[in-house]
Amino acid sequence: MTPEEFRKHAHELVEWMASYMENVGKYPVKSQVKPGEIFSRIPGKPPLKPEPFNFLMADLEEIIMPGITHWQSPDFFAYFPANTSPPSILAEMIIATLGAQCMNWETSPAAAELEEKMMIWLRDMIGLPANFEGVIQDTASTATLAAIVTAREKATAYTANSEGINSGRILRVYCSEQAHSSVEKGVRISGIGRKNLVRIPVREDFSMDPEKLGKAISSDKKKGYLPCCVIATIGTTGTTAVDPLRPIGEICSKNHVWLHVDAAMAGTALILPEFQWMLDGREYIDSFLFNPHKWMFTNFDCTAFFTKDAESLIRTFEILPEYLKTRTRGKVNDYRDWGIPLGRRFRALKLWSVIRSYGTEGLQEKIRQHIQFAVKLKEMILKEKDFEILAPIVINVVCFRYAPSGNDEKQLNDLNEKMNHLLNDSGKIYLSHTVLNGKYTLRMVTGQTNVTFDHVEKAWRLILQTARSIKL
Ligand SMILES: *Cc1c(COP(=O)(O)O)cnc(C)c1O
């Protein structure tokens, strides 16, 4: 494809992109295809001869679009959002065009220095102390793994990296029963082992019980284990519960344990002064992450990872083969030493574009609206006697179920599961679920970039209607 042909296709593609944004609400939110349907429509062998780009665009409409679940639809209320926005997409086009591989400073000084500055902007926007430094990671899962491995190295005086994990005492990691599965994954991959992940029971509001954490650590120490890391969650995936950082941090500090905070979705709410309470105890944090790729309108992937101990992070991950030696080493940030992959995309440009385009006030206004929608949704649900709210509404997630009287718990679980499938199969809205205290719970997240109160109200009417039309 010549630059001239590229220009023509790109102009057409931009038309397609803008129309998609305008019409995304008209597609079935959740893809309605059956397993294997898309696979069987793609030729078994690649073409031998060059094909015009138009062929691909035709197949995109024909074959691919039916198999897309529309995360950017304002009727998408499932999981946590993976929001994009026009300024983020524009920046992504620039990133792809430059195609820079930003593994160290020299391979694109602008990428390294913009990243350093964006991390300062974000750190100050969310209220982390000024002694924190940041780096962009691909996902929260990778960032949590990086934190666990750093904690492992610190606890073992960097011997696990050199001698292997079996050379010393058995390490222990702690998180609440509601922590994300990425914590277990990190504990497994780091060689610490799933058995050494201690899940601390939660309180009634689904946040970690710090007293039980203190007891678990003392008891482990008596048994000869080496506690190395606590992972606290700000905004759990099930219900957005907030683990109390101050008492957890005091325990970590007393026991010399690394405190990592996973604020993947809820971290964005910290740009609002009224949510700064979630960071009370921030002085105890060793590392912290949140995902602008969830709720901050920056398309996947972009995880902001902060630590006040970049030295330990770098000491854990740096590796310097001859072919990576540069003359600027030690004077600049070589971000390949701040995490797991060597190669790095120029993600800072997306953040720059999004933050400048919205302004911090624009971001705050949007986030506040989303939070208001959750409050109003809760009020609508509370008006219906045959519905129950199952968790406190902290941010932008409402957990509820249909609970008509005269049914036992098993019947209610079946009923709500059936309702969830009916709603999602309708293509009109998309919800996901969790289980709380044994109860099948519907989760509705009001955080999609373009969601309005009309969308929330329309979804609620559909839920009511569907619930009451189900025959038991
Ligand atoms: C979504 C989520 C993650 C995982 O995020 P990735 O960036 O997809 O790895 C981790 N923790 C919490 C609390 C989450 O909600």
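Residues numbered from 1 in each chain as written. Predicted model: local features only at pLDDT ≥ 70, side-chain atom pairs only at ≥ 80, totals over all residues. Heavy atoms only, no water.

### Examining the nonpolar core
At step 1: Counting 69 residues, the largest nonpolar core has Leu122, Val230, Ile234, Phe288 and Phe306 as the members making the most contacts within it.
At step 2: When residues in this core are grouped by element, the largest group, eight residues, is from helix α13 (residues 348-382).
At step 3: Two domains share this core, each providing at least three of its residues, namely domain 1 (1-30 + 69-82 + 366-472) and domain 3 (100-345).
At step 4: Counting 32 residues, the second largest nonpolar core, distinct from the first, contains Ile148, Cys175, Ala179 and Val183. (Core = buried A, V, L, I, M, F, W, Y, C linked by side-chain atoms within 4.5 Å. Buried < 20%, exposed > 50% of the residue type's maximum accessible area, 1.4 Å probe, protein only. Helix = DSSP H or I, 4+ residues; strand = E, 2+ residues; numbered from the N terminus. Domains from an automatic or database assignment.)

### Considering the domain arrangement of the chain
At step 1: Taken domain by domain, the chain holds domain 1 (1-30 + 69-82 + 366-472), domain 2 (34-65) and domain 3 (100-345).
At step 2: The C-alpha centroid of domain 3 is placed 41 Å from the C-alpha centroid of domain 2.

### Structural notes on the site of the ligand
At step 1: Near the ligand, the surroundings consist of Phe80, Thr139, Ala140, Ser141, His180, Ser182, Thr237, Asp262, Ala264, Asn291, His293 and Lys294.
At step 2: Taking Ala140, its main chain carries an N or O atom lying 2.8 Å from an oxygen atom of the ligand.
At step 3: Asp262 places a side-chain nitrogen or oxygen 2.6 Å from a nitrogen atom of the ligand.
At step 4: Protein burial of the ligand: of its 380 Å² of free accessible surface, 87% is covered by the chains.
At step 5: When grouped by side-chain class, the residues that make up the shell around the ligand number three nonpolar, seven polar and two charged. (Near = heavy atom within 4 Å. Polar contact = N/O pair within 3.5 Å; in protein donor to acceptor, adjacent residues only side chain to side chain. Areas by Shrake-Rupley, 256 points an atom, 1.4 Å probe, with all protein chains shown as cover. Nonpolar A, V, L, I, M, F, W, Y, C, P; charged D, E, K, R; others polar.)

### Points about the pattern of salt bridges
Any two side chains of opposite charge can pair, on the condition that their charged atoms come close.
At step 1: Evaluated as defined, the whole model comprises 26 salt bridges.
At step 2: Here Asp280 makes a salt bridge to Arg246, at a shortest N to O gap of 3.0 Å. Linking Asp280 in the loop between β5 (258-262) and β6 (287-290) with Arg246 in helix α10 (residues 245-255), this pair joins segments that are 34 residues apart in sequence.
At step 3: A salt bridge links Arg401 to Glu409; the nearest nitrogen and oxygen atoms lie 3.1 Å apart.
At step 4: Ionic contacts of the salt-bridge type, sharing partners, join the residues Glu92, Asp301, Arg345, Arg347 and Lys350 into one network. (Salt bridge = Lys/Arg side-chain N within 4 Å of Asp/Glu carboxyl O.)

### What about the sheet that holds β6?
At step 1: What the seven strands build is an open sheet, ordered β1-β7-β6-β5-β4-β2-β3; its pairing is mixed. Bordering the open sheet on either side are β1 (133-137) and β3 (197-200), each of which pairs with just one other strand. Geometrically, the sheet is characterised by an average inter-axis angle of 20 degrees between neighbouring strands, direction not taken into account.
At step 2: Taken together, the four bridges between strand β2 (residues 171-176) and β3 define a ladder with parallel strand orientation. Bridged to Cys175 within β3 is Arg199.
At step 3: Sheet contacts for helix α5 (residues 109-126): β1, β6 and β7 (303-307); angle to β7, the most-contacted strand, approximately 80 degrees. (Pairing = 2+ DSSP bridges. Axes fitted to C-alpha atoms, helices over the stretch in contact; angles between N-to-C directions. Contact = heavy atoms within 4.5 Å.)

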